[in-house]
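Below are the chains, spelled out letter by letter.
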Amino acid sequence: MTIEERVQRLEDIEEIRQLQAKYQRCLDTRDFDGVADCFAEDVVSAYGNGTMAYEGKENVLAFLKKVMTRHIPSTHLIHGGEIDVEGESAHAKWYLEDYLNHRIFLLKLHGAAIYDVDYAKHDGRWQIRKIGYTRCYEYFAFRGFLNIFTLGKTTFLDKMKR
C-alpha cells in the first residue's frame, strides 16, 4: 500500500467514525433530518435482531420517527469501531450501550448490542447503507418494582457453544 493509499484509508475510517457518531447523536436528539443525511437512499435496517427490518430511506425514517418519540428519552452510546474499508465500501462492528426511559409507562430499558453497519461512499461522502444490531442483553425495569432481564433467544449468546 502506498503512503497515499494509507492516508486515504485513515481519512475514510475517520469519516466513518464521525458519520456513526452523528447518527447516534441525531437519533437521541430526534434530529431526523440529520439521521436522513446519514443514510443512503437504498438503506436497509435490521433493528432488534432483525425483527424490525425496513428498506429504503423513507421507510427506515418512518419507523424511527414512530418509535423514537419525545416520550422516550434515549442514549445510544457506541464504543470501539472495528472498521474495514475496501475502496468505496466499508463494514464496521460497534459495541452499543443504550438507555431508554418511557415517560408515560415508566419503563426503563438498559441494553447492550453489537451493531453491524455497511457503508458506501457516494459522491465523495460516506453514508450508511445497511444497519442493524444483535442484542447481548436487555434489562427492563418498571418503576422499580418489577424487573425483567432478558438473556437467551433475544441475544447472540445462546448461539455460543457451552
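Our structure's up above, just so we're on the same page.
Residues numbered from 1 in each chain as written. Predicted model: local features only at pLDDT ≥ 70, side-chain atom pairs only at ≥ 80, totals over all residues. Heavy atoms only, no water.

### Side note on the packing of aromatic side chains
Operational definition: Side-chain rings of Phe, Tyr and Trp (the six-membered ring for Trp) are treated as a pair once their centres are within 6.5 Å; stacked means planes under 30 degrees apart, edge-to-face means over 60, and tilted covers the remaining angles. Elements are defined by DSSP. Helices are runs of H or I of four residues or more, strands are runs of E of two residues or more, and each kind is numbered from the N terminus. Residue burial is assigned from relative accessible area. The probe radius is 1.4 Å, only protein chains are included, and a residue is buried under 20% of its type maximum, exposed over 50%, and partly exposed in between.
In this structure the tally under the stated criterion is 5 aromatic pairs. Centre to centre, the rings of Y23 and F39 are 5.7 Å apart; their planes meet at 45°, and the pair counts as tilted. With Y23 in helix α1 (residues 3-28) and F39 in strand β1 (residues 39-47), the pair connects residues that are 16 residues apart, well separated along the chain. Summarising the burial analysis for this pair, Y23 and F39 share the class buried. Pairing Y47 with Y133 gives two aromatic rings, centres 6.1 Å apart and planes at 55°, and the pair type is tilted. On the criterion of sequence distance, the pair formed by Y47 in strand β1 and Y133 in strand β6 (residues 125-142) is long-range, its members being 86 residues apart. Both residues of the pair, Y47 and Y133, count as buried.

### So, the pairing of strand β5 (residues 107-122)
Formally: Here, strands pair whenever DSSP counts at least two bridges between them.
Of the strand pairs in this sheet, strand β4 (residues 89-102) and β5 are connected by 14 bridges, and their pairing is antiparallel. Its bridge partner being in β5, S89 is matched across the sheet by A120. What sits between β4 and β5 in their antiparallel hairpin is a turn of 4 residues, with L106 showing a positive phi close to 55°. Bridging between β5 and β6 involves 16 bridges; their strand directions are antiparallel. Opposite A112, over in β6, you have Y137 as the bridge partner. Counting the residues that bridge the hairpin from β5 to β6 gives 2 residues, and of these D123 lies at a positive phi of roughly 50°.

### Observations concerning the pattern of salt bridges
Using the following cut-off: One speaks of a salt bridge when a side-chain nitrogen belonging to Lys or Arg is within 4 Å of a carboxyl oxygen belonging to Asp or Glu.
Tallying each qualifying case throughout the model produces 8 salt bridges. Between D42 and R129 there is a salt bridge, with its nearest N and O atoms 2.7 Å apart. With D42 in strand β1 and R129 in strand β6, the pair connects residues that are 87 residues apart, well separated along the chain. The exposure class assigned to D42 is partly exposed, which follows from its relative accessible area of 38%. The class for R129 is partly exposed, based on a relative accessible area of 39%. The partner of R135 in a salt bridge is E138, with the nearest N and O atoms 3.1 Å apart. Of the two residues, R135 and E138, neither departs from the other in class, the shared state being buried. What emerges from the salt-bridge pattern is a single network uniting K22, D37 and R125.

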